[in-house]
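# Per-entry structural report
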Amino acid sequence: MKCPTCSENTPDSWLPFWPDSKLLGEHASRRAETMRDTNLDVSGDTTVKINYMRCANPGCGQMAIRLVEEHVEFGETSEQGDLIAPLHRSSQLWMIYPRHSSRPIDLLVPEPFRRDYLESAAILEISPRMSAVLSRRLLADLLEQYADESDFILAARLKHFVEDTTRPFALRKKAQVLNEIADFGAHTQRDKNDQAIIIDVDYDEAEWTLQVIDSLFDEFIIKPTNDAQRLAAL
């Protein structure tokens, strides 16, 4: 599995947080008693488990806690009123901690880029639209500060960046794909009432925006800083 904190692979080593808790057992028994002489489905039984584990990666080691709900639906009762073997079993998982999965970010990335990136990643699963709003603002700021792109419209900043052949081809290709799939014209403009326009995007588009930002962090901040540190050491 992937650790919800560092996003690196870690062994699936869930342990019970406390003994299993049976819910609805008494209710199910009473319902079965009242329906003993019928041929209808008589009850359901739900088991709730809480598990925990720690990420095995030395640089992380963070705890993850999940809730597992298992539901069993029983079939008809026998002539003696006993429940027949379950016909259907289903389960659902909820991550309790960390509440929202995040994405790893290098410590060299400064504020406010770091804050905006982590907030955008944290709400990606809950609201791709609002995640994209933060990501696009961050993307515009990165292009302005590190690539001298100051056009009012974000699409124009991306277009000029893609056309700059001094930039790495793979990075320009990522930016080009993003510019083609996204409607950036609506993001940096305001309507007649000066109200910010909320964009409609899906999860894949919002997640791809974060991937482009990852590459820009590497190109604008991380690689130059590491190179400067190596040069100073030499």
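Just so you know, the residues in each chain are numbered from 1, in the order the chain's sequence is written. Only residues with pLDDT of at least 70 are given local features in this predicted model, and only at 80 or more are side-chain atom pairs given and counted; all residues enter the totals for whole chains, interfaces and linings. Excluding hydrogens and water, the side-chain figures rest on all heavy atoms present in the structure.

Glancing now at the overall build of the protein chain. Each helix corresponds to a stretch of at least 4 residues labelled H or I by DSSP, and each strand to a stretch of at least 2 residues labelled E; elements are numbered beginning at the N terminus. Across its full length, the protein chain carries 6 helices and 5 strands. Order of helices (α) and strands (β) in the protein chain, N terminus to C terminus: β-β-α-β-β-β-α-α-α-α-α. Counting across all 234 residues of the protein chain, residues that qualify as buried make up 35%. Contacts are assigned to residue pairs with any non-hydrogen atoms lying within 4.5 Å of each other. Taking as baseline every contact in the protein chain between residues at least 6 positions apart, the subset at least 24 positions apart corresponds to 59%. For the exposure calls, accessible area comes from a 1.4 Å probe over protein chains only, and a residue counts as buried if that area is under 20% of its type's maximum, exposed if over 50%, partly exposed in between.

The next subject is empty space enclosed by the protein. Regions of empty space are outlined by a rolling probe, equal in size to a water molecule, passed over the atoms. Points on a 1 Å grid, built from protein atoms alone, make a cavity when a 1.4 Å probe fits but cannot get out and make a pocket when they are open with protein on both sides within 12 Å along at least 5 of 7 lines; residues with an atom within 4 Å of a point are the lining residues. Grid points are joined across faces, edges and corners, and a volume is the space filled by probe spheres set on the points. Scanning all chains against the criterion turns up 1 cavity of 30 Å³ or more. In this structure, the largest cavity spans a volume of roughly 30 Å³. M1, C3, P4, T10, M53, R54, C55, Q62, M63 and A64 are the residues that line the largest cavity. Counting residues per element, the ones that place at least two in the lining of the largest cavity are β3 (44–54) and β4 (63–74).

This brings us to the environment of K2. On the secondary structure map, K2 appears in the segment before β1 (15–16). Sequence-wise, K2 and C55 are 53 residues apart; in three dimensions their C-alpha atoms are separated by 8.9 Å. Excluding anything up to four places from it in sequence, K2 contacts S7, E8 and N9.

By the burial criterion, the buried members of helix α2 (residues 113–122) are F113, R114, D116, Y117, S120 and A121. For α2, the arc enclosing every buried residue in end-on projection is 165°, short of the 170-degree limit, so these residues lie on one face. Against α3 (128–147) and α6 (203–233) lie the buried residues of α2. The arc in question is formed by the directions pointing from the helix axis toward the C-beta atoms.

Mean pLDDT over the protein chain stands at 77; residues scoring 70 or higher make up 73%. pLDDT expresses how confident the predictor is about each individual residue, on a scale running from 0 to 100. Segment residues 23–43 is flagged for pLDDT under 50; beyond a separation of four residues in sequence, or across chains, it makes 34 contacts in the model. Considering only residues more than four positions removed or in separate chains, one finds that residues 185–196, a stretch of pLDDT under 50, has 16 contacts.

So, about the packing of helix α5 (residues 169–181) against α6. The geometry of α5 relative to α6 is characterised by a closest axis approach of 10 Å and an angle of 150° between their N-to-C directions. The pairing of α5 with α6 is recorded here as roughly antiparallel in orientation. Considering how the two elements wind past one another, α5 and α6 form a crossing that is left-handed. Residue-level contacts link L171, K174, V177, L178 and I181 of α5 to E205, W208, T209, Q211, V212, S215, L216 and E219 of α6. Lys, Arg, Asp and Glu make up the charged group, whereas Ala, Val, Leu, Ile, Met, Phe, Trp, Tyr, Cys and Pro make up the nonpolar group; the residues left over, Gly among them, are polar. The residue inventory of the contact of α5 with α6, partitioned by class, reads 7 nonpolar, 3 polar and 3 charged. Each axis is a line fitted through C-alpha atoms, and for a helix only the stretch in contact is used; angles between axes span 0 to 180 degrees, taken between their N-to-C directions. Angle categories are assigned with fixed cut-offs, so that under 35 degrees is roughly parallel, over 145 is roughly antiparallel, 65 to 115 is roughly perpendicular, and the rest are oblique. Note on convention: near helix rotated counterclockwise from far helix by under a right angle means a left-handed crossing. Clockwise means right-handed.

On to the packing of aromatic side chains, then. Each pair of aromatic rings taken from Phe, Tyr and Trp, with Trp reduced to its six-membered ring, is defined by centres within 6.5 Å and is described as stacked if the planes are under 30 degrees apart, edge-to-face if over 60, and tilted in the remaining cases. All chains considered together, the criterion is met by 4 aromatic pairs. Members of the aromatic cluster, connected to one another through ring pairs, are F113, Y146, F161 and F220.

Nine residue types can take part in a nonpolar core, namely buried Ala, Val, Leu, Ile, Met, Phe, Trp, Tyr and Cys, and a core is a set of them joined through side-chain atoms within 4.5 Å. Within the largest apolar cluster, 31 residues are counted, with the highest numbers of intra-cluster contacts made by L139, L142, L143, F161, L216 and F217. In terms of residue count, α6 provides more of this core than any other element does, 9 residues in total. Beyond its immediate chain neighbours, meaning those up to four positions away, L216 contacts L139, L142, L143, F161, L171 and I221.

Note on placement: N51 falls in strand β3. A relative accessible area of 11% places N51 in the buried class. The residues touching N51, leaving out its near neighbours within four places in the chain, are W14, L15, P16, F17, A64, I65, R66 and V68.

With that settled, the discussion passes to α6. End to end, α6 covers 43 Å across 31 residues, agreeing with the expected 45 Å (1.5 Å per residue, within 8%). The largest bend along α6 reaches roughly 40° and is located at D218. Multiplying one less than the number of residues by 1.5 Å gives the expected span of a helix. One fitted axis covers the seven residues ending at a residue, a second covers the seven starting there, and the bend at that residue is the angle between these axes.

On to the state of the cysteines, then. Disulfide assignment relies on a single distance test, namely cysteine sulfur atoms paired within 2.5 Å. According to the stated counting rule, one finds 0 disulfides in the structure shown. This cysteine, C55, is not joined by any disulfide, and C3 carries the nearest cysteine sulfur, 3.8 Å off. Given the relative accessible area of 7%, C55 is considered buried.

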